[in-house]
Amino acid sequence: MEELEKNETNAEVGGQRDENATSWTAADEAKASAQEKMLRDGLEDYELQPEDLALLSGETDLSFGAPDTSSWPTVAIVGRPNVGKSTLVNRILGRREAVVLDEPGVTRDRVTYDAQWNGRDFHLVDTGGWDVGVKGLDKAVAQQAEIAISLADVALFVVDANVGATASDEEMMRLLRSSKKPVILAANKVDSERAEADAAALWNLGLGEPYPISALHGRGVGDLLDVLVQALPEVGENRVERPSDSTPRVALVGRPNVGKSSLLNSLAGSGRAVVSEVPGTTRDPVDEVLELEGKEWVFVDTAGIRRRIKQTVGADYYSVLRTQAAIENAEVALVLLDGGEPLTEQDVKVVNQVVEAGRALVIVNNKWDLVDEYRQQVLKREQVADLAHVDWAPKINIAAKTGWHTNRIVRALEAALEGWTTRIPTSRLNAFLGELVAAHPHPLRGGKQPRILYATQAGVCPPRFVLFTTGFLDPQYRRFVERRLRETFGFVGSPVRIGVRVREKRRR
């Protein structure tokens, strides 16, 4: 183990910065401020768009942020297994979000989505099938449905009109009545006018008018939603905390069977997630709030991202979609790699998916206790070759199953989040770029040389920079500027976005 510890240096987690970044004096600040003002005044000679003026005045912020949805009302979709609840969720959302298969028991957890109809925003909670006299996993699923009813403002009770009201439906009816929540009865699988007579028989449940719908084909769903939004209160009774919460969200992502659930269990100190040697055990994202080193984190265990999503069917396909959503809703992603196996194309794709989403990144080589010295050197060469474009990401080696070095995760996460939220003063940014361009000007293109007129940081999470120029900058030169930004200011563990706005001089 001592040899393994030597392979992890502080640079892998903390990154390196230019010494000039820490030797900034008051005189340097005054000089940079004067230079920045001169450059800003010089922009008045160029044609600027309204959005440019808003950006320069600070009215526009391109930082990551989610709207406050905590006060939206909540709708819980409940019913027996395989009556079409998840199909109705997808129909309302207008996209394939919930897992749908023609078999009972696919949905297991309460999954909350943000929905909208006719200008009304609300939370939509998909639940697993509720039934009486069940045990084990089915009982836990039914309990989750009962919790969803207790937290909802309106319950949408889905019944299979072709089967009619069963004993389980009648028990669910009693449960809904005891909750004293508004209940809307949806008679699903009514695909034609002839089948509406079957829906009318559901009046016997005593929950009011049954609304005939076909969640699969969309028939009658619009009328159902019109009734639903009328029953919604203006503000939800129970707050629903979404990703805008201040607690950092960490998505555990990677190929199937690389140890994501094992890591969550190791950090939680309990069997929070199901762990199996069979790939694809995790189906729905599992959220867990953990306190590590005095700070709260929300860890999200996700399903493994498979190699060929287009060839994946059923629950596995939708599990991958939920994993993508978990990455979008997180601030930082822990990408787990199997240290004992060669780096695959899919590993690189997972890393790129995190970078494209603009999330902070930490690379974790798991199962390190099974890696010999030869494999360590091979893995290092593989990552230098295939992950060179993310050499700014912290890299740590752990063994999730035994807990070895998992205490290094918090330090890596904090370093990545610090880089993700770093903001550079405009004066210092322009002073840096002025020196950089003077020493390394842009190459001539067509007899002209583009110049950087002014620069500003338009946002954080991830850091976004806007360069006002006299011409387009080559991609190679943009990467050069990004590399020098990282060398000087850090941005450890965070992608950096650089946008260019070409502006021409005003005609006199």
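Read on for a plain summary of the structure.

Here is what the cut-offs are and how they apply
The written sequence of each chain sets the order in which its residues are numbered from 1. It should be noted that, the model being predicted, local features are given only for residues of pLDDT at least 70 and side-chain atom pairs only at 80 or more, the latter also being counted only at that level, while totals for whole chains, interfaces and linings use all residues. Hydrogen atoms and water are omitted, and side-chain values are computed over all heavy atoms in the structure. When DSSP locates at least two bridges between a pair of strands, those strands are taken to pair. A helix here means a DSSP run of H or I that spans at least four residues, while a strand means a run of E at least two residues long, and both kinds are numbered starting from the N terminus. With axes taken as lines fitted to C-alpha atoms, and helix axes fitted only over the stretch in contact, angles between N-to-C directions fall between 0 and 180 degrees. Contact between two residues is taken to exist if any of their heavy atoms lie within 4.5 Å; hydrogens are not considered. Categorising residues by exposure relies on relative accessible area from a 1.4 Å probe, with only protein chains included: less than 20% of the type maximum marks a residue as buried, more than 50% marks it as exposed, and the intermediate range marks it as partly exposed. Salt bridges, as used here, are contacts in which a Lys or Arg side-chain nitrogen is within 4 Å of a carboxyl oxygen on Asp or Glu.

Description of the sheet that holds strand β2 (residues 111–117)
And then number 1: If you walk across this open sheet you meet the six strands as β2-β3-β1-β4-β5-β6, and the pairing is mixed. This sheet does not close on itself; its edge strands, each paired only once, are β2 and β6 (210–212). The mean inter-strand angle of the sheet, taken between neighbouring strand axes irrespective of direction, is 30 degrees.
And then number 2: With five bridges connecting them, strand β1 (residues 74–79) and strand β4 (residues 154–160) associate as parallel partners. Bridge pairing in β4 links V78 to F157.
And then number 3: Along the sheet, helix α7 (residues 167–179) contacts β1, β4 and β5 (183–188); its crossing angle with β4, the most-contacted strand, is approximately 170 degrees.
And then number 4: Contacts from helix α9 (residues 221–231) reach β1, β2, β3 (120–126), β4, β5 and β6, with the element oriented near 170 degrees to β5.

A short note on the pairing of β3
And then number 1: Counting buried positions along β3 gives six out of seven residues, so the element sits mostly inside the fold.
And then number 2: Here β1 pairs with β3 via four bridges, running parallel. Residue pairing across strands places A76 opposite V125, the latter belonging to β3.
And then number 3: Summarising the sheet, β2 and β3 pair through seven bridges and their orientation is antiparallel. Looking at β3, one finds that A115 is bridged to F122.

Looking at the sheet that holds strand β13 (residues 452–459)
And then number 1: Taking strand neighbours across the sheet as the criterion, the three strands line up as β13-β14-β15 in an open arrangement whose pairing is mixed. With partners counted over all chains shown, the strands left at the sheet margins are β13 and β15 (497–502), one partner each. Direction aside, the axes of adjacent strands within the sheet are offset by 20 degrees on average.
And then number 2: As defined by bridge partners, strand β14 (residues 464–469) adjoins β15 across six bridges and the pair is classed as parallel. By the bridge assignment, L467 is partnered in β15 with V500.
And then number 3: Here helix α15 (residues 426–439) sits on the sheet and contacts β13 and β14; the angle it forms with β13, its principal contact strand, is near 140 degrees.
And then number 4: In the packing of helix α16 (residues 475–489) onto the sheet, the strands contacted are β13, β14 and β15, and the crossing angle to β15 comes to about 130 degrees.

A short note on the pattern of salt bridges
And then number 1: Counted by the stated rule, this structure contains 16 salt bridges.
And then number 2: We note a salt bridge from D52 to R501, for which the minimum N-O separation is 2.5 Å. Here D52, found in helix α4 (residues 50–56), pairs with R501, found in strand β15; they are 449 residues apart in sequence, far enough to count as distant.
And then number 3: The class for D52 is buried, based on a relative accessible area of 0%.
And then number 4: Close ionic contact of R359 with E328 constitutes a salt bridge, the shortest N to O distance being 3.9 Å. Within this pair, whereas R359 is found in the loop between α12 (345–356) and β11 (360–366), its partner E328 is found in helix α11 (residues 314–329), the two being separated by 31 residues in sequence.
And then number 5: Among the residues examined, E328 registers a relative accessible area of 42% and is labelled partly exposed.

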